[in-house]
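Each chain is listed here by its residues.
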Amino acid sequence: MSSYRKFEVGFHSFILIFAIGLITSALISEGGPAREPLYMMLGIGFVLTSTFRLWKPKNR
């Protein structure tokens, strides 16, 4: 595995974990500003893009 591929897997894994945390915090938050739907959409977008980048077929 090349060093670039290792970096790419590590980076997108970190983004995936961050997105799951963002979705979880939006689900369990109480009160405050009504930003939960925005955080949910942002988290879902991060999850979709990072999983696509992690499991996309390699063209090489």
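Remember, it's a predicted structure, so these values are computed and weren't measured experimentally.

Scoring rules and cut-offs
- Residues numbered from 1 in each chain as written.
- Predicted model: local features only at pLDDT ≥ 70, side-chain atom pairs only at ≥ 80, totals over all residues.
- Heavy atoms only, no water.
- Helix = DSSP H or I, 4+ residues; strand = E, 2+ residues; numbered from the N terminus.
- Rg over C-alpha atoms; globule rule 2.2 N^0.38 Å.
- Buried < 20%, exposed > 50% of the residue type's maximum accessible area, 1.4 Å probe, protein only.
- Contact = heavy atoms within 4.5 Å.
- Areas by Shrake-Rupley, 256 points an atom, 1.4 Å probe, with all protein chains shown as cover.
- Phe/Tyr/Trp six-rings, centres within 6.5 Å; stacked < 30°, edge-to-face > 60°.
- Salt bridge = Lys/Arg side-chain N within 4 Å of Asp/Glu carboxyl O.

J.: Is there a simple way to think about the overall build of the chain in this case?
T.: Summing up its helical and strand segments, the chain has two helices and zero strands in all. Against the globule reference of 10 Å for 60 residues, the chain gives a C-alpha radius of gyration of 14 Å, more extended than a compact globule. Burial analysis of the chain (60 residues in total) assigns 20% to the buried set. Considering only intrachain contacts with a sequence separation of at least 6, the fraction spanning at least 24 residues in the chain is 66%. If you sum the accessible surface of the chain, you get close to 4800 Å²; carbon and sulfur atoms cover 71% of it.

J.: I'm lost on the packing of aromatic side chains in this one. Help?
T.: Centre-to-centre distance and the angle between the planes together describe a pair of aromatic rings. Under the defined criterion, the tally for this structure stands at two aromatic pairs. Plain terms: the ring middles of Phe7 and Phe11 are 6.1 Å apart, the flat faces sit at 20° to each other, and that makes the pair stacked. With Phe7 and Phe11 both in helix α1 (residues 3-28) and four residues apart, the pair spans about one turn of that helix.

J.: What exactly am I supposed to notice about the pattern of salt bridges here?
T.: Charged atoms that come close allow side chains of opposite charge to pair. Inspection of the entire model under this criterion finds two salt bridges. With a shortest N-O distance of 3.3 Å, Glu8 and Arg5 are connected by a salt bridge. With Glu8 and Arg5 both in helix α1 and three residues apart, this pair spans about one turn of that helix. Here Arg5 falls in the buried class, since its relative accessible area comes to 15%.

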